[in-house]
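# Remarks on the overall topology
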Amino acid sequence: MDSCGLSIDEAITASKKLNFKTTLKPDSILTLLETYGFTKPHISKLINKDPSLLLSKPDKTLKPKLAFFNSKGLSGIDLAKFISANPSILKCSLKNKIIPSFGMLNNICQADERVIGAVKRCSVLLSIDLNKSMMLNIELLRNVGVPSEKITWFLVSQPRTLTIRHVRFTGIVEKVKEMGFDPLESTFLHALQGLTARKSTWEAKLNVFRRLGLSEGEIRSAVKKQPMCMRVSEKKIVLIMDYLVNQMGYSALVITKFPQILTYSLEKRIVPRCCVSQILISRGLVKYQIPLTSLLIMAEKAFVEKFVTQFEKEAPELLLVYPRDCGKRQEDGV
């Protein structure tokens, strides 16, 4: 409790898995972790997940691995977050597992910092057998014509998708091809990522559009335009469609013609901009329903100039619903 920051219950659970006569080795391990930038919360999370790490050999087992990651540019808080998220990495062989896996990833990414970016998003990359799934999946993408630079981007930005079982991954790739996506375009990989959701989850999202009266063809068209819209949660799709259709009066079909809207933040982008529209219409400053391309898709600077700055004297309340810092908050929340 004192050294690792564990709660009473956590300490009791951990103590049942350990047996040491003195605290010399555990203390030296904690000191080593602190030397590499681990804070008390990181140490607490790490030991709570795997108390047996306190029985490791600090100089022979732990330090070489921490030093290796340091040499690759993963250090300080980033290293602490990475290790505490997946303590099993410290039990993998540096020589037989971590270094070879890092090398395989580097052969694809062509830069240590890109590999670090991938493993930070999916820490298990260095502890699983990459040959069983990921390498087969990457080879499949190459065979269907996905350019190498796009595969590298996908590995760094969406590494977990590439760890899906090869049989399932192959089926998803075939479905994406059947939907008409071009392997040369980024949308192919966006669609691939979207289809990795469980079938029940995918169907639940499609049903949201069906309940709004959209045809299967209209739904397919929306997904093809912006496959990332299907990565949005079912709840978010429902909230955005309900707000824009039932409160703002836009047609569901019009919304699906611009499906990227479903990836925007309801709180930080959609609602504030719609409030601006409502004020302008209620004050008679705008005589029509603002098209979605102008209302939600227009770049922040252009939107402010066209719909806020231009009318702030006639409608000073615009600055109450759309304050000066709203733009930055929106960009952060898109």
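Residues numbered from 1 in each chain as written. Predicted model: local features only at pLDDT ≥ 70, side-chain atom pairs only at ≥ 80, totals over all residues. Heavy atoms only, no water.

### Some points on the overall build of the protein
A count of helical and extended segments in the protein gives 20 helices and zero strands. Computed over its C-alpha atoms, the radius of gyration of the protein comes to 26 Å, more than 25% above the 20 Å expected for a compact globule of 334 residues. Overall, the protein is about 80 × 50 × 35 Å in size when its C-alpha atoms are taken along their principal axes. Within the protein, the fraction of its 334 residues that count as buried is 47%. When contacts within the protein are restricted to residue pairs at least 6 apart in sequence, long-range pairs at least 24 apart make up 73% of them. As presented, the protein carries roughly 16,900 Å² of accessible surface, and 53% of it is formed by carbon and sulfur atoms. In the protein, the 50 positive side-chain charges and the 31 negative ones have mean positions that sit 4 Å from each other. (Helix = DSSP H or I, 4+ residues; strand = E, 2+ residues; numbered from the N terminus. Rg over C-alpha atoms; globule rule 2.2 N^0.38 Å. Buried < 20%, exposed > 50% of the residue type's maximum accessible area, 1.4 Å probe, protein only. Contact = heavy atoms within 4.5 Å. Areas by Shrake-Rupley, 256 points an atom, 1.4 Å probe, with all protein chains shown as cover. Lys, Arg positive; Asp, Glu negative; His and termini not counted. Charge placed at Lys NZ, Arg CZ, Asp CG, Glu CD.)

### Describing the packing of aromatic side chains
This structure, assessed with the given rule, holds six aromatic pairs. Aromatic rings pair up to connect Phe68, Phe69, Phe82 and Phe102 into one cluster. Taking NZ or CZ as reference, Arg269 lies 4.4 Å from the ring centre of Tyr264, over its face. (Phe/Tyr/Trp six-rings, centres within 6.5 Å; stacked < 30°, edge-to-face > 60°. Lys NZ or Arg CZ within 6 Å of the ring centre and 35° of its normal.)

### Considerations on the packing of helix α4 (residues 58-71) against helix α6 (residues 94-109)
Remark: α4 packs on α6, axes separated minimally by 12 Å, with the N-to-C direction vectors making an angle of 10°. Comparing their axes, α6 and α4 come out roughly parallel. Every pair of crossing elements has a handedness; the one defined by α4 and α6 is right-handed. Across the interface between the two elements, Pro64, Lys65, Phe68 and Phe69 from α4 touch Leu94, Ile98, Ile99 and Phe102 from α6. When the residues that make up the contact of α4 with α6 are grouped by side-chain class, the tally is seven nonpolar, no polar and one charged. (Axes fitted to C-alpha atoms, helices over the stretch in contact; angles between N-to-C directions. Parallel < 35°, antiparallel > 145°, perpendicular 65-115°, else oblique. Left-handed = near helix turned anticlockwise from the far one by under 90°. Nonpolar A, V, L, I, M, F, W, Y, C, P; charged D, E, K, R; others polar.)

### Let's talk about the packing of helix α10 (residues 166-178) against helix α11 (residues 186-194)
The packing of two helices is summarised by the inter-axis angle and the distance between the axes. Packing of α10 against α11 leaves a shortest axis separation of 9 Å and a crossing angle of 130°. Regarding the angle of α10 to α11, the classification is oblique. In this structure, the crossing between α10 and α11 has a hand that is right-handed. Side by side, α10 and α11 meet where Phe169, Ile172, Val173, Val176 and Lys177 of the first sit next to Phe188, Ala191 and Leu192 of the second. Among the residues making up the contact of α10 with α11, the classes are represented as seven nonpolar, no polar and one charged.

### A word on the nonpolar core
Formed by 102 residues in total, the largest nonpolar core has its most connected members in Phe38, Phe69, Ile83, Leu141 and Leu244. Not counting chain neighbours up to four residues away, the residues in contact with Leu244 comprise Gly249, Tyr250, Ile255, Ile261, Ile270, Cys274 and Leu296. (Core = buried A, V, L, I, M, F, W, Y, C linked by side-chain atoms within 4.5 Å.)

### Comments concerning unusual backbone geometry
At Gln110, a residue that is not glycine, the phi angle is positive and equals roughly 65°. Here Gln110 is to be found in the loop between α6 and α7 (112-121). Of the residues examined, Gln110 reaches a relative accessible area of 60% and is grouped as exposed.

### A closer look at the pattern of salt bridges
All told, the structure shown has nine salt bridges when counted by the stated rule. Note that Glu139 is salt-bridged to Arg142, the shortest N-O span being 3.4 Å. Of the two residues, Glu139 and Arg142 are both situated in helix α8 (residues 134-143); the distance of three residues between them amounts to about one turn of the helix. The exposure class of Glu139 is partly exposed, given its relative accessible area of 38%. Since its relative accessible area comes to 38%, Arg142 is described here as partly exposed. In this structure, a network of salt bridges that share partners links the residues Glu203, Arg210 and Glu216. (Salt bridge = Lys/Arg side-chain N within 4 Å of Asp/Glu carboxyl O.)

### A short note on the confidence of the model for the protein
Model confidence for the protein is summarised by a mean pLDDT of 86, while 93% of its residues fall at 70 or above. At the low end of the mean pLDDT range in the protein sits helix α20 (residues 326-333), at 49; at the high end sits α8, at 95. Low pLDDT, under 50, characterises residues 329-333; the predicted model gives this stretch 13 contacts beyond four residues in sequence or across chains. (pLDDT = per-residue confidence, 0-100.)

### Overview of helix α3 (residues 40-49)
Of the residues making up α3, those classed as buried are His42, Ile43, Ser44, Leu46 and Ile47. Turning to α3, the residues buried within the fold contact α2 (24-35) and α5 (76-85).

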